[in-house]
Amino acid sequence: MHKFAELNSARAAQLFADYCTAQGLDVSAVVQRPDCAELYASTEQLAEVEHEFSLFMQQPSHPRYQAAAWQLSQPTNDNARVLPQFNPLALWHQAPVTLAVLVLCLLVYAWQQVDWRGSSGLLQLSDPVQLWRWFTPMLLHFSLTHLVFNVAWWWYLGRQLEQRQGAVILLNITLSVALISNAMQYFMVGPQFGGLSGVVYGLFGYFWLTGRLNPAQGLQLSSGMAGFMLLWLVLGFMDVLWISMANWAHLGGLVAGLGWAWLLRRQHGPKTPQAY
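Everything numeric in this text was worked out from a predicted model, so none of it was measured.

K.L.:
Just checking my understanding: could you explain the overall build of the protein for this structure?
P.N.:
Scanning the protein from N- to C-terminus turns up eleven helices and four strands. Contacts in the protein between residues at least 24 apart in sequence constitute 71% of all its contacts with a sequence separation of at least 6.

Structure, rendered in structure tokens:
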């Protein structure tokens, strides 16, 4: 899937996506906020979709768009409701690295429930000579809450970065941040740790500094989110929480993410049409 437009009206983006779907075109709207939505189309149909988009921009209130939306909202012949469909293929085209890491975390967590000793024995940083172990602790999670918290942040931050700057940049940031955060936790505490939170803190640092150095990239965090992440980091080091956290991995990930933001501070923002 190729991102071809960004609108500051989620309703307008969904209206156009519904119209294209009714016309047999593979277009999806990804809503970030009510005032921010992205449009994606299959590469094979991109030229036709862009032509339809130019017509839509000229007459967004034309009845044909409302008619298509109404048609898609109607019951099927067997009186069943038309429900939104989960489309893994579309998600894969939009954010393959984000989705791959998320699926790996879920599969490893399932493996941990079946064979805790085998999974942790193979993936923890217990033998530094085996090079994969410097990366694989990010896939381990020690409770369902731990897993959900990390993959929710990963999906929220990773998908945005990948869609705006590409899979290669996200992959490079993820692997380097994982290496640095895991190494810092290992040398400061030891090998008994795991989780994606070091990488999440790396993405948080990247978003936070990038939003200040280069707002054109469109990667920003609200003050509330930034405050929560920093408070969580501080509380972890104060050891006042009810859970044990890999605090040095968090700090290492944050520093690495800030470093990436500085290195890529001149990176161009997404070149997409702006409208509405």
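The structure having been displayed, the exposition proceeds.
K.L.:
Looking at this structure, how should I read the packing of helix 5 (residues 96-114) against helix 7 (residues 144-165)?
P.N.:
When two helices pack together, their arrangement is given by the angle between the helix axes and the distance between those axes. Contact geometry of helix 5 with helix 7 gives a least axis separation of 8 Å together with a crossing angle of 170°. It follows that helix 5 is roughly antiparallel to helix 7 by the angle criterion. For the pair helix 5 and helix 7, the contacting residues are Pro-96, Val-97, Thr-98, Leu-99, Val-101, Leu-102, Cys-105, Leu-106 and Tyr-109 in the first and Leu-144, Leu-147, Val-151, Trp-154, Trp-155, Gly-158, Arg-159 and Glu-162 in the second. Looking at the contact of helix 5 with helix 7 residue by residue, the classes come out as 13 nonpolar, two polar and two charged.

K.L.:
What's the story with the pattern of salt bridges in this structure? I'm lost.
P.N.:
Two side chains bearing opposite charge may form a pair once their charged atoms approach each other closely. Counted under the stated rule, the structure contains four salt bridges. Lys-3 is the salt-bridge partner of Glu-6, the closest N and O atoms lying 3.3 Å from each other. Between Lys-3 and Glu-38 there is a salt bridge, and its shortest N-O distance comes to 3.1 Å. Residue Lys-3 is located in strand 1 (residues 2-7), and its partner Glu-38 is located in strand 3 (residues 36-41); the two are separated by 35 residues in the primary sequence. Given a relative accessible area of 11%, Lys-3 falls into the buried group. Here Glu-38 falls in the buried class, since its relative accessible area comes to 1%.

K.L.:
Quick question: what am I supposed to make of the side chain of Gln-163 here?
P.N.:
The topology assignment puts Gln-163 in helix 7. Within polar-contact distance, the side chain of Gln-163 engages the side chain of Tyr-40 at 3.0 Å. Sequence-distant contacts of Gln-163, defined by excluding residues within four places in its chain, comprise Lys-3, Val-30, Gln-32, Glu-38, Tyr-40 and Gln-94.

K.L.:
How should I be thinking about helix 8 (residues 167-188) in this particular structure?
P.N.:
In an α-helix there are 3.6 residues to a turn, and that puts residues three or four apart on one side. With 22 residues, helix 8 extends 31 Å from end C-alpha to end C-alpha; this agrees with the ideal 32 Å at 1.5 Å per step. In this structure, the buried side of helix 8 is in contact with helix 5, helix 7, helix 9 (197-213) and helix 11 (247-263). Directly beyond the C-terminal end of helix 8, a positive phi value near 140° is found at Gly-190.

K.L.:
When you look at the packing of aromatic side chains in this model, what are you seeing that I'm missing?
P.N.:
The geometry of two aromatic rings is summed up by the distance between their centres and the angle between their planes. Enumeration according to the criterion identifies 15 aromatic pairs in this entry. Ring centres of Phe-4 and Phe-16 lie 6.3 Å apart, and the angle between their planes is 70°; on these two criteria the pair is classed as edge-to-face. In this pair, Phe-4 is assigned in strand 1 and Phe-16 in helix 1 (residues 10-22), connecting sequence segments twelve residues apart. Grouping residues by exposure puts Phe-4 and Phe-16 together as buried. Ring centres 5.6 Å apart and planes at 80° place the aromatic pair Phe-4 and Phe-53 in the edge-to-face group. Taken as a pair, Phe-4 in strand 1 and Phe-53 in helix 2 (residues 46-58) lie far apart in primary sequence, 49 residues in all. Among the residues examined, Phe-4 registers a relative accessible area of 4% and is labelled buried.

K.L.:
So what exactly am I meant to see when it comes to a nonpolar patch on the surface here?
P.N.:
On the surface, Trp-111, Leu-122 and Trp-132 cluster together into a nonpolar patch covering about 280 Å² of accessible area. Positionally, Trp-132 belongs in the loop between helix 6 (116-123) and helix 7.

K.L.:
Sorry, what's going on with the confidence of the model for the protein here?
P.N.:
Interpretation of this model should avoid reading the predicted coordinates in detail wherever pLDDT is low. When pLDDT is averaged along the protein, the result is 84, and 87% of the positions lie at 70 or above. For residues 74-86, every residue scores under 50 in pLDDT, and the model assigns this stretch five contacts once sequence neighbours within four places are set aside. In this model, residues 271-276 is a region of pLDDT below 50 whose contacts with residues beyond four sequence positions or in other chains number 18 contacts.

Reading the values: the criteria
- Per chain, the residues get numbers from 1 upward, laid out in the order the sequence is written.
- Note on the predicted model: pLDDT of at least 70 is required for a residue's local features to be given, and 80 or more for side-chain atom pairs to be given and counted; whole-chain, interface and lining totals, by contrast, use all residues.
- Only heavy atoms go into the side-chain values, all of them from the structure, while hydrogens and water stay out.
- To qualify as a helix, a DSSP run of H or I must reach at least 4 residues; to qualify as a strand, a run of E must reach at least 2; elements of each kind are numbered from the N terminus.
- We call two residues in contact when some of their heavy atoms are within 4.5 Å.
- Fitted lines through C-alpha atoms give the axes, limited to the stretch in contact for helices. The angle between two N-to-C directions lies from 0 to 180 degrees.
- Roughly parallel here means an angle under 35 degrees, roughly antiparallel means over 145, roughly perpendicular means 65 to 115, and every remaining angle is called oblique.
- Residues are grouped as follows: Ala, Val, Leu, Ile, Met, Phe, Trp, Tyr, Cys and Pro are nonpolar; Asp, Glu, Lys and Arg are charged; every other residue, Gly included, is polar.
- Put simply, a salt bridge is a Lys or Arg side-chain nitrogen that is within 4 Å of an Asp or Glu carboxyl oxygen.
- Each residue is assigned to one of three classes by its accessible area relative to the maximum for its type, calculated with a 1.4 Å probe on protein chains only: buried under 20%, partly exposed between the two thresholds, exposed over 50%.
- Two N or O atoms form a polar contact when they lie within 3.5 Å of each other; inside protein one atom must be a possible hydrogen donor and the other a possible acceptor, and for residues adjacent in sequence the pair counts only when both atoms belong to side chains.
- Multiplying 1.5 Å by the helix residue count minus one yields the expected span of that helix.
- Ring pairs are drawn from Phe, Tyr and Trp, using the six-membered ring of Trp, whenever the two centres fall within 6.5 Å, and their geometry is named by plane angle: stacked under 30 degrees, edge-to-face over 60, tilted for the rest.
- A patch is a set of surface residues, each over 30% in relative accessible area and not in a salt bridge, joined within 9 Å for like charges and within 5 Å for the nonpolar side chains Val, Leu, Ile, Met, Phe, Trp and Tyr.
- Using a 1.4 Å probe, accessible areas were evaluated by the Shrake-Rupley method; residue-level cover was limited to the displayed protein chains.
- Confidence per residue, as judged by the predictor, is encoded in pLDDT with a range of 0 to 100.

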